[in-house]
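What follows is the residue order along each chain.
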Amino acid sequence: LPDEIMRRYLEVNDPMDTTLVIRDLSEFAADVDFNTDACLSKLKFVLNKMTNFEARRPQEQAGTEDRQTAFCRYFVENGGVDVLVQILMYSCLLPSKPMFSHKKETEHQLRCKSVILEILAKIITTDTGEKLAKQLTEHSDMVNYVFSLLVYDKTCLMSCQFLEDMLQARKSVLSLHS
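The rules behind the values
Residues numbered from 1 in each chain as written. Predicted model: local features only at pLDDT ≥ 70, side-chain atom pairs only at ≥ 80, totals over all residues. Heavy atoms only, no water. Helix = DSSP H or I, 4+ residues; strand = E, 2+ residues; numbered from the N terminus. Buried < 20%, exposed > 50% of the residue type's maximum accessible area, 1.4 Å probe, protein only. Contact = heavy atoms within 4.5 Å. Areas by Shrake-Rupley, 256 points an atom, 1.4 Å probe, with all protein chains shown as cover. Polar contact = N/O pair within 3.5 Å; in protein donor to acceptor, adjacent residues only side chain to side chain. pLDDT = per-residue confidence, 0-100. Expected span 1.5 Å × (residues − 1). Salt bridge = Lys/Arg side-chain N within 4 Å of Asp/Glu carboxyl O.

*Asks:* Can you break down the overall build of the protein chain residue by residue, with the values?
*Replies:* Within the protein chain one finds nine helices and zero strands. The N-to-C order of helical and strand elements in the protein chain reads α-α-α-α-α-α-α-α-α. Per-residue burial over the protein chain gives 40% buried out of 178 residues. Taking the intrachain contacts of the protein chain between residues at least 6 apart in sequence as the baseline, contacts between residues at least 24 apart amount to 70%. By element, 52% of the accessible surface of the protein chain is carried by carbon and sulfur atoms, the whole surface being about 11,000 Å².

Written as structure tokens, this is what we have:
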């Protein structure tokens, strides 16, 4: 659809603009050698929508938390998590060179992955994300990949936090042998 028609439709059905953000992020998921600066900018926009920058307030004045929860819910319902997982795992699922020549990830790519893990950790800690965390733990390739991100300085802290939050939702024992 043309952008103008899409915008009019989304003003009514998606007041948080999550669909447009997910569409922009999906362009990065489809390209192995994407522009990391542009991707990081979009990821920071998503992260800012999920972060509360205001001081603690009484329950009666908690309007910003409602907006953050609504943004998380829209983001999950419209497939935003799937797009983030694709961007996160593109280097191990879609190699740009032959299989045996592993290309080392750049600092910018690792920074993007760190922000993705932070976004996923924020989503998992919401009411919407509990079911999502259980689904993500069922994908052993993703869990193993996040464990492999622990070796990098740029992704270590967020990988650890994400794994902790994700595994708290898991009710079964995690096998590290495979």
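Moving on from the model shown.
*Asks:* Tell me what's going on with the environment of threonine 51, and back it up with residues and numbers.
*Replies:* Mapped onto the elements of the fold, threonine 51 is located in the loop between α3 (36-50) and α4 (63-77). For threonine 51 and threonine 69, which are 18 residues apart along the polypeptide, the C-alpha to C-alpha distance reads 9.9 Å. Once you skip the residues sitting within four places of it in the chain, threonine 51 turns out to touch Gln68 and Lys122. At 2.7 Å, the side chain of threonine 51 and the backbone oxygen of leucine 47 are in polar contact.

*Asks:* Report on the confidence of the model for the protein chain, specifying residues and quantitative values.
*Replies:* Scored by pLDDT, the protein chain comes out at a mean of 79, with 72% of its residues at no less than 70. Per-element averaging of pLDDT across the protein chain places helix α1 (residues 3-13) at the bottom with 62 and helix α6 (residues 107-124) at the top with 92. This stretch, residues 98-102, has a pLDDT under 50; its non-local contacts, to residues over four places away or in other chains, come to zero contacts.

*Asks:* Quick rundown of helix α9 (residues 156-168)? Include the residues and the values.
*Replies:* Between its first and last C-alpha, α9 extends 18 Å over 13 residues, near the 18 Å set by a 1.5 Å rise per residue. Within α9, the full set of buried residues consists of Met158, Ser159, Phe162, Leu163, Asp165 and Met166. On its buried side, α9 packs onto α6, α7 (129-137) and α8 (140-148).

*Asks:* Could you give me a rundown of the pattern of salt bridges, with the residues and numbers involved?
*Replies:* In the structure shown here, the tally under the stated rule is four salt bridges. Its salt-bridge partner being glutamate 77, residue arginine 73 comes within 4.0 Å of it at the nearest N-O pair. Placement of both arginine 73 and glutamate 77 in helix α4 is noted, with a separation of four residues, approximately one turn of the helix. A salt bridge links glutamate 107 to lysine 154, with the shortest nitrogen-to-oxygen separation between them at 3.9 Å. Highlighted residues: glutamate 107 in helix α6 and lysine 154 in the loop between α8 and α9, separated in sequence by 47 residues. A relative accessible area of 39% places lysine 154 in the partly exposed class. Through salt bridges that share partners, Arg23, Asp24 and Lys42 make up one connected network.

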